[in-house]
Amino acid sequence: MSADLDVFAALASPVRRELTALLLDGPRPVNDLASHFTMSRPSVSEHLKVLRDAGLVSEQRNGRQRIYQLEAAPLRELSEWLHPYERFWLEKLANLRTLLDEEDL
């Protein structure tokens, strides 16, 4: 489960969640990603390193540029792990909806 913990830890940061959202549109160079933040490019690179270490992004060098790409496998594994909890909450919300509908009668 340590890989899952790495993914959770990596996604705990709002900056890293925003980076993954930016990468949904496809691979991007680090300078393009950094332009979306007020922090320095080296700071953005540190966040990208955390994502890379968790397996959430991959890095490819193209000359002096580093291109980052979102990796779906850890997110898919996380989604599969979370699925039973999603069913749990959907059932609880359905029960709440039923209770509220009964009170309206």
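Note that the structure is predicted; figures quoted are calculated from it, not measured.

Visitor: Give me the overall build of the protein: which residues, what numbers.
Guide: What the protein contains, in helices and strands, is five helices and three strands. Starting at the N terminus, the α and β elements of the protein follow one another as α-α-β-α-α-β-β-α. In terms of overall size, the protein is more extended than a compact globule, its C-alpha atoms giving a radius of gyration of 19 Å where 105 residues would be expected to give roughly 13 Å. Principal axes of the C-alpha set define a box for the protein whose edges measure 65 × 30 × 20 Å. Buried residues in the protein amount to 29% of all 105 residues. Taking the intrachain contacts of the protein between residues at least 6 apart in sequence as the baseline, contacts between residues at least 24 apart amount to 48%. The centroid of the 13 positive side-chain charges in the protein is displaced by 12 Å from the centroid of its 17 negative side-chain charges.

Visitor: Tell me about a negative patch on the surface, and name the residues and values.
Guide: Together, D101, E102, E103 and D104 make up a region of like negative charge exposed at the surface. Structurally, D101 is set in helix α5 (residues 72–104). Residue D101 is classed as partly exposed on the basis of its relative accessible area of 45%.

Visitor: So what's going on with the pairing of strand β2 (residues 57–62)? Which residues, and what values?
Guide: For β2 and strand β3 (residues 65–70), the ladder comprises six bridges, and the chain directions are antiparallel. Its bridge partner lying in β3, S58 is registered against Q69. As consecutive antiparallel partners, β2 and β3 are separated by two residues, and within that stretch G63 has a phi angle of approximately 70°, a positive value.

How each quantity is defined
Residues numbered from 1 in each chain as written. Predicted model: local features only at pLDDT ≥ 70, side-chain atom pairs only at ≥ 80, totals over all residues. Heavy atoms only, no water. Helix = DSSP H or I, 4+ residues; strand = E, 2+ residues; numbered from the N terminus. Rg over C-alpha atoms; globule rule 2.2 N^0.38 Å. Buried < 20%, exposed > 50% of the residue type's maximum accessible area, 1.4 Å probe, protein only. Contact = heavy atoms within 4.5 Å. Lys, Arg positive; Asp, Glu negative; His and termini not counted. Charge placed at Lys NZ, Arg CZ, Asp CG, Glu CD. Patch = residues over 30% accessible without salt bridge, like charges linked within 9 Å, V, L, I, M, F, W, Y side chains within 5 Å. Areas by Shrake-Rupley, 256 points an atom, 1.4 Å probe, with all protein chains shown as cover. Salt bridge = Lys/Arg side-chain N within 4 Å of Asp/Glu carboxyl O. Pairing = 2+ DSSP bridges.

Functional significance is not addressed by these values, which are geometric in nature.
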